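Analysis of the macromolecular model
So the chains spell out like this:
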Amino acid sequence: MDTDALLSYNWAIMAPEFTILGVATLLSVLDLFMGKNTSRRPLLWMALAGVAVAMAFVFAELDTDVTSILHDTYRLDFFSKAFKILLLLGGFLVLLLAADYRKKELQEYRGEFYYLFLTALLGAMIMASSADMITLFVGLELLSLSSYILAGIRKKSGKSNESAFKYVVSGGIATAITLFGMSYIFGLTGQTNLFDVVETLQEPVLLEHSFLLVFAFFMTFIGLSFKIAAAPFHMWAPDVYEGAPIPVTAFLSVVSKTAGFIILLRFILLTFIAAAGIDRDPLLVQVQPYVIVLAAATMILGNLGALRQRNIKRLFAYSSVAQAGYILVPFVSNSTQVFELIWFYLLAYIVMNIGAFACLQTLTRDAGSNDVSIFRGLFSRSPWLASAMTIFLLSLAGIPATAGFAGKFGIFMGALGPEPGHYVLAGIMMLMTLVSYVYYFNIIGLMFFRSGGTGGRRISIAPSIGAVLVFCAIATIGLGIMPNIALDFFFGQFDVNEFFMNTGHNH
Amino acid sequence: MSSMLLTLLIFSPLLSVLILLFVPSDDEKTLKMTGVLGALLPLIAAVTAFTAFDTAESGVQLEEVYQWITYEVFQANGELNYSIQYHIGADGLSMILILLTAFIAFLASIASFSIKEKLKSFYILFFILELGMLGVFSAQNLFLFFVFFELTLVPMFFLIGRYGYLNREKAAWSFLIYNGIGSAILLIAFVALFMKSGSMAFDQLKAVFALPEADLKEMYLTENFRMGILIAILAAFAVKLPVVPLHTWMLRVHAEAHPAIVMIHSGILLKIGAYGMIRFGLGIFPEEFKSLAGVIAVLGVVNLLYGAFLALSQSDMKKVLAYSSVSHMGIVLIGLAALNEYGIQGAVFQTVSHGLISALLFFLVGVLYNRRGSSQLHDFGGLASQMPVAAGLLLAGGLASLGLPGMSGFISEFMAFLGLFEVMPVTAAVGTIGLILTAVYVLRAVLGVTFGRVKREGTVYGADMTAAERFPAFMLLAAIIIIGCYPALLSGLLGATLESIKLGLGG
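Residues numbered from 1 in each chain as written. Chains lettered and ligands numbered in written order. Predicted model: local features only at pLDDT ≥ 70, side-chain atom pairs only at ≥ 80, totals over all residues. Heavy atoms only, no water.

**Some words on the overall build of chain A**
To keep things clear, this is the line we draw: Labels follow the DSSP assignment, with helices taken as runs of H or I lasting at least four residues and strands as runs of E lasting at least two, numbered in each case from the N terminus. Atoms counted for the radius of gyration: C-alpha only. Globule rule: 2.2 Å times residue count to the power 0.38. The buried label applies to any residue whose accessible area, calculated with a 1.4 Å probe on protein chains only, is under 20% of its type's maximum; exposed applies above 50%, and partly exposed to all values in between.
Within chain A one finds 24 helices and two strands. Taking 2.2 N^0.38 as the reference for a compact globule, 507 residues should give roughly 23 Å; the C-alpha atoms of chain A span a radius of gyration of 22 Å, in line with that estimate. The principal-axis extent of the C-alpha atoms belonging to chain A is close to 75 × 55 × 40 Å. When burial is assessed residue by residue, chain A has 64% of its 507 residues classed as buried.

Written as structure tokens, this is what we have:
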């Protein structure tokens, strides 16, 4: 590669990534030279501004045609743009949560927190734009390594250390499994570019070895399901969520999970879409029953696990496992709606879950405890906070007129639409939604039916948290009543062929 | 503007919610006034809508259709749009139930005066509930119906759990879980219908399912599919109605919730079950409904007899009334199963009539409970000597309940049985035993309370009913007698709707 070629690339399409990278670098340098006792607050505003500018770049790029640079490793299509919007939105809201996080220890390491956060976000964004196994993996690792440190950022807290350690070990295993699976694909095709892989997989000689491909599918799928906390790799979630500071927990359960779904869609769907499995049947149809079992198991384990939790962070960990199970349903139902359904549900999930975490953060700090009883009598102490939390919980439970319902409704459409309909899977999802009523409404019940709590004291809500709450509540209700605001945006630009066709070369 | 009339009607309770938000929660007088005026508003709107309604014309009137949500689904043969409209309107059946809802909700808002604490949130929830109920009866597509249907679930959960008697929370939970199961089944059935037929609007669904068998097969709408969906829909509404053995939640709610809530619950919410069966069961699947008629008739008789027998052995007045509701809902099923004009008309009449009668009786029991702190039969007696007005009303309500000619209960029972005798004389004959039992349990309860000795020496019931208590009771009684003496009031409204149902049944 000579300089001319390098210069000829349309680097402008990477503007969002460069913004985040630049801000992260700047922050790390600034943090280094700032005095020990200087407030790190300006760093927060810079990080927020960086995310906002990156978001603006993504929107500015909306009309850009499909472009791919760097030998097709980096690709800007609507898929990547749509999901980057989700990542940046989630990242922005989580940063606002962090603005109010006052645990002393975090204060000490604040600078680190901000730039690690940004590098994690950068990793996720690279994943959204990758069309090559190498870049996908680099993005995945950048996200993972940054999150490992974030989970353990409260250095002096035993829980936080435990959380980080468990995360590193199980994350490492999952990554190894993914990589192992990818090596099979490389071994079979000799390609790392996903579009080339798809093409090579059509060669007759490879059809004789399709069992290896099925094996590769399982390895990569299971390895990647770690990031979304789906069964069988879900057990890290409760422990890590419990130990990590709440902004990090929110990041893991929302942004990192979104990134997990991005890589699942991009890698699994693209690679295996036309691949033949054993006996030359389409591979994705062949493995469908197993993925259905995984999705069902994720929903069941998440929801039943959440039932028994007293610790609110663990409860939300299980709840997020359950939500991942719901989002897997369109993935397995082989519907062409899979992109819109997952995108919309993730959007809904971002606003409702970060909203809930904003409430959690305020409450756990106020009460100094993570027990679910901190919700007791919240309505009489702080009616607005209780009402906001109720909106988020209703949305998580999938009650109509909330974003969660609109998302779930779409998922049902995807599951029951194509012939033959997945009635059993839809039934399990519905049943598990009912189970989730028990723990979500239990919290609502504590807020409204019980009295007590911390001595009738009023709870003060920090301005940044207040902003998150208001935004998330309005978005949750707004997307519930007018889901078309988001859906039309998606349908207006999305083209399923664009995702699967290697167009937009730039060399 | 008459074209917006129904929308204004449905959402008129929201205005009161907004006003209530600004009323201080300790200003009891203003709260009560806002509550009553707020409930009067939908009543006025409903009457206005009624005057704009042309009873002679068949079909849906006052229609409003707006595009709402569109899902684009990519398919092999091009793109397919699944769109959902905001589609409301009213035919005769809807109009009757809308009037009933507005009427009973207005009276219940007065009956709520006995609530001393947390009145503000009570009225807020109350109005959201009313919005949901009005919406359920006006919705003209499945999606909208479901949204409103679920919208009644959440405020009702709070209303039961926060206001009421000792075990109210348990009652709220069983309400939530049972109705949640019902909604779950309903949602799956609705989505499956939507995806297979491509539409959610009632009129379009009706048209689709009236197509010849060969066309239906082509759309994957096989006989098994249709039967499955019908059974799912009937099962979902059987929870709501309720049909034995799915009735236990309803007993708890009736025994534990506040009388004003029970008025609404037994007066209107149970009627959604009957409405759903008529609208979706009979309306969309007339052929399949026919083949299930025998089963439904037997279930109806079981309900009738089971409720009556158990009402006979209850010692708590609220339980007597609750079982009596179970029993009376059996008559709705009996009427539906007859599948002829008399039967269906009887079912609708019973729906309305029971709404009024049970609202009256539960209200009176609430009045007595306030004075005596108990609703056990053995705590009462000789009421007529101390509270002549209350005793008189109770007696009148009891007589209406057992079907005294000249009151609404008589007409509905008479017609339902007339209908069933025509087609299933044996089942109908068994059912008539229930009518005798009804007379026995009603008289046992009512006479024991009104006449006889004042039990426990020195019992003082306190003052007779106040003006605020008399008003709802007399209004209800007036409605019962008017319908009883002049049933053409209802049948005139219903005529055109019945015609179209009969058309579906093949004359």
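**Quick look at the overall build of chain B**
The cut-off we apply is this: In what follows, a contact means two residues having at least one pair of non-hydrogen atoms within 4.5 Å. The Shrake-Rupley method, run with a 1.4 Å probe sphere, supplies the accessible areas, and residue values consider only the shown protein chains as cover. Residues counted as positive are Lys and Arg, residues counted as negative are Asp and Glu, and His and the chain ends are not counted. Where a charge lies is defined by one atom per residue type: Lys uses NZ, Arg uses CZ, Asp uses CG and Glu uses CD.
The helix and strand inventory of chain B stands at 20 helices and two strands. Taking the principal axes of its C-alpha atoms as reference, chain B extends roughly 85 × 60 × 40 Å. Out of the 507 residues in chain B, the part that is buried amounts to 64%. When contacts within chain B are restricted to residue pairs at least 6 apart in sequence, those whose partners lie at least 24 apart make up 79%. Surface accessibility of chain B: about 17100 Å² in total, with carbon and sulfur atoms responsible for 67%. Charge-centre separation for chain B: the mean point of 27 positive side chains lies 14 Å from the mean point of 31 negative side chains.

**A few points about the interface of chain B and chain A**
Inclusion rule: The quantity reported as buried area is the accessible area (1.4 Å probe) lost by two parts once they are put together, taken as the sum for both. Salt-bridge detection follows one rule: a side-chain nitrogen of Lys or Arg within 4 Å of a carboxyl oxygen of Asp or Glu. Polar contacts, as counted here, are pairs of nitrogen or oxygen atoms within 3.5 Å of one another; within protein the pair requires one atom able to donate a hydrogen and one able to accept it, and residues that are adjacent in sequence qualify only if both atoms are side-chain atoms. Polar here means any residue outside two lists: the nonpolar Ala, Val, Leu, Ile, Met, Phe, Trp, Tyr, Cys and Pro, and the charged Asp, Glu, Lys and Arg; Gly therefore counts as polar.
At the junction of the two partners, chain B supplies 37 residues and chain A supplies 39 residues. Roughly 3700 Å² of surface becomes buried between chain B and chain A when both sides are summed, with 76% attributable to carbon and sulfur atoms. For the interface between chain B and chain A, the tally reads zero salt bridges. On the surface where chain B and chain A come into contact, there are five residue pairs in polar contact (both at pLDDT 80 or more). Only strand E1 (61-75), strand E2 (78-90), helix H5 (142-162) and helix H6 (168-197) of chain B provide two or more residues apiece to the side of chain B that touches chain A. Considering every element that reaches the side of chain B that touches chain A, the biggest residue donor is H6(B), with 14 residues. A class-by-class count of the residues in the side of chain B that touches chain A yields 28 nonpolar, four polar and five charged.

**Structural notes on helix H19 (residues 467-485) of chain B**
All names here are of chain B. The line we're drawing: By this rule, a helix spans an expected 1.5 Å times one less than how many residues it contains. This arc is taken over the directions from the axis of the helix to the C-beta atoms.
Taking 1.5 Å per residue as the helical rise, H19 with its 19 residues ought to reach 27 Å, and the 26 Å between its terminal C-alpha atoms agrees with that figure. Along H19, the positions that sit buried rather than exposed are Glu469, Pro472, Ala473, Leu476, Leu477, Ala479, Ile480, Ile483 and Gly484. On an axial view of H19, the arc spanned by its buried residues comes to 155°, and they lie on one face. Away from its buried face, by an angle of more than 90 degrees, H19 presents the exposed residues Ala467 and Cys485. Buried residues belonging to H19 abut helix H3 (92-111), helix H11 (259-284), helix H14 (341-372), helix H16 (388-401), helix H17 (408-423) and helix H20 (488-504).

**Digging into the packing of aromatic side chains**
A ring pair, where both rings are aromatic, is described by two values, the distance of the centres and the angle of the planes. Heads up, the rule is: Only centres within 6.5 Å qualify two rings of Phe, Tyr or Trp (six-membered ring in Trp) as a pair; their planes then separate them into stacked at under 30 degrees, edge-to-face at over 60, and tilted for everything else. The rule for a charge over a ring is simple: NZ of Lys or CZ of Arg within 6 Å of the ring centre, and within 35 degrees of the ring normal.
The tally for this structure, following the rule as stated, stands at 68 aromatic pairs over all chains. Its end group placed over the ring of B:Phe113, B:Lys32 keeps NZ or CZ at 5.1 Å from the ring centre.

**Things to note about the UniProt feature "domain: NADH:quinone oxidoreductase/Mrp antiporter transmembrane" (unreviewed entry) in chain B**
Applicable threshold: UniProt positions are given in the numbering used here, feature names are shortened, and annotations may be inferred rather than shown by experiment.
The UniProt record marks residues 139-433 of chain B with the feature "domain: NADH:quinone oxidoreductase/Mrp antiporter transmembrane" (unreviewed entry), using the residue numbering of this structure. Between the C-alpha atoms that bound residues 139-433 of chain B there is a distance of 38 Å. The span itself is 82% helix and 0% strand.

**Remarks on the nonpolar core**
Note the cut-off: Residues grouped as a nonpolar core are buried Ala, Val, Leu, Ile, Met, Phe, Trp, Tyr and Cys residues, joined through side-chain atoms within 4.5 Å.
Among the nonpolar cores identified, the biggest contains 407 residues, and A:Phe316, A:Phe375, A:Phe409 and B:Phe145 are the most heavily contacted of them. Beyond its immediate chain neighbours, meaning those up to four positions away, A:Phe409 contacts B:Tyr71, B:Ile84, B:Phe143, B:Leu187, B:Val191, B:Phe194 and B:Met200.

**Let's talk about the environment of B:Phe451**
Among the structural elements, B:Phe451 can be located in the loop between helix H18 (425-450) and H19. Owing to a relative accessible area of 43%, B:Phe451 belongs among the partly exposed residues under this scheme.

**Observations regarding the packing of helix H13 (residues 246-272) of chain A against helix H16 (residues 312-332) of chain A**
Residues and elements named next belong to chain A. Quick note on the threshold: Here the axes come from fitting lines to C-alpha atoms, over the contacting stretch only for helices, and the angles between their N-to-C directions go from 0 to 180 degrees. To sort the angles, those under 35 degrees are grouped as roughly parallel, those over 145 as roughly antiparallel, those from 65 to 115 as roughly perpendicular, and the leftovers as oblique. The hand of a helix crossing depends on one turn: near helix anticlockwise from the far one by less than a right angle means left-handed, and clockwise means right-handed.
It is the contact of H13 with H16, at a shortest axis distance of 12 Å, that shows an interaxial angle of 20°. Put simply, H13 runs roughly parallel to H16. Considering how the two elements wind past one another, H13 and H16 form a crossing that is right-handed. In this structure, H13 contributes Ile246, Thr249, Ser253, Lys257, Phe261, Leu264, Leu265, Ile268 and Leu269 to the contact, and H16 contributes Lys313, Ser320, Val321, Ala324, Ile327, Leu328 and Phe331. Across the contact of H13 with H16, the residue classes tally to 11 nonpolar, three polar and two charged.

**Quick notes on the confidence of the model for chain B**
How we decide: Confidence per residue, as judged by the predictor, is encoded in pLDDT with a range of 0 to 100.
Averaged over all residues, the pLDDT of chain B equals 88, while 96% of them reach at least 70. At the level of individual helices and strands, chain B shows its lowest average pLDDT in helix H8 (residues 213-218) of chain B, which scores 80, and its highest in helix H4 (residues 119-138) of chain B, which scores 93.

**Topic: the pattern of salt bridges**
Residues and elements named next belong to chain A. For the structure shown, the criterion picks out 15 salt bridges over all chains. Among the salt bridges present, the one from Asp239 reaches Arg314, with a minimum N-O distance of 3.0 Å. Here Asp239, found in helix H12 (residues 236-243), pairs with Arg314, found in helix H16; they are 75 residues apart in sequence, far enough to count as distant. The buried category is assigned to Arg314, whose relative accessible area is 17%. Each of Lys159, Glu162, Lys166, Asp239, Glu242 and Arg314 takes part in a single network of salt bridges with overlapping partners.

**Notes on the side chain of A:Asn303**
Looking at the secondary structure, you find A:Asn303 in helix H15 (residues 288-307). Apart from the residues within four sequence positions on either side, A:Asn303 is in contact with A:Ala322, A:Tyr326, A:Met432, A:Val435, A:Ser436 and A:Tyr439.

**What to know about unusual backbone geometry**
Residues and elements named next belong to chain B. Geometrically, the link from Leu241 to Pro242 is a cis peptide bond, its omega value of -10° lying close to zero. Along the chain, Pro242 turns up in the loop between helix H9 (223-240) and helix H10 (248-256). In this structure, Pro245 follows Val244 across a cis peptide bond, with omega equal to 10°. Within the secondary structure layout, Pro245 lies in the loop between H9 and H10. Positive phi is not limited to glycine here, since Leu62 has a value of about 55°. Structurally, Leu62 can be placed in strand E1.

**Observations concerning helix H3 (residues 41-60) of chain A**
Residue and element names in this part refer to chain A. Here H3 contains 20 residues, and its C-alpha end-to-end distance of 29 Å stays within 8% of the 28 Å for a straight helix at 1.5 Å per residue. All of the buried residues in H3 are Leu43, Leu44, Ala47, Leu48, Gly50, Val51, Ala54, Met55 and Val58. Axial view of H3: buried residues confined to an arc of 155°, hence all on one face.

**Side note on the environment of A:Val435**
Inspection of the secondary structure puts A:Val435 in helix H21 (residues 423-449). Residues within four places of A:Val435 in sequence aside, it is in contact with A:Asn303, A:Leu304 and A:Leu307.

**Some words on the side chain of A:Lys313**
Residues and elements named next belong to chain A. Here Lys313 is to be found in helix H16. No salt bridge is formed by the buried Lys313; the nearest opposite charge belongs to Glu242, separated by 7.8 Å. Not counting residues within four places of it along the chain, the set of residues in contact with Lys313 comprises Tyr241, Glu242, Ala244, Ile246, Thr249 and Asn370.

**What to know about the packing of helix H2 (residues 15-33) of chain A against H3(A)**
Residues and elements named next belong to chain A. Two elements in contact, H2 and H3, have axes whose closest approach is 8 Å; the angle formed by their N-to-C orientations is 170°. As judged from the angle between their axes, H2 and H3 are roughly antiparallel. Two secondary-structure elements touch here, H2 through Ala15, Pro16, Thr19, Ile20, Val23, Leu26, Leu27, Leu30 and Asp31 and H3 through Leu43, Met46, Ala47, Gly50, Val51, Val53, Ala54, Phe57 and Val58. A class-by-class count of the residues in the contact of H2 with H3 yields 15 nonpolar, two polar and one charged.

**Quick word on the state of the cysteines**
All names here are of chain A. Our working rule: When two cysteine sulfur atoms lie within 2.5 Å, the pair is treated as a disulfide.
Tallying each qualifying case throughout the model produces zero disulfides over all chains. A disulfide-free cysteine, Cys359 has its sulfur positioned 9.0 Å from the sulfur of Cys472, the nearest such atom. On the accessibility criterion, Cys359 (0% relative accessible area) is buried.

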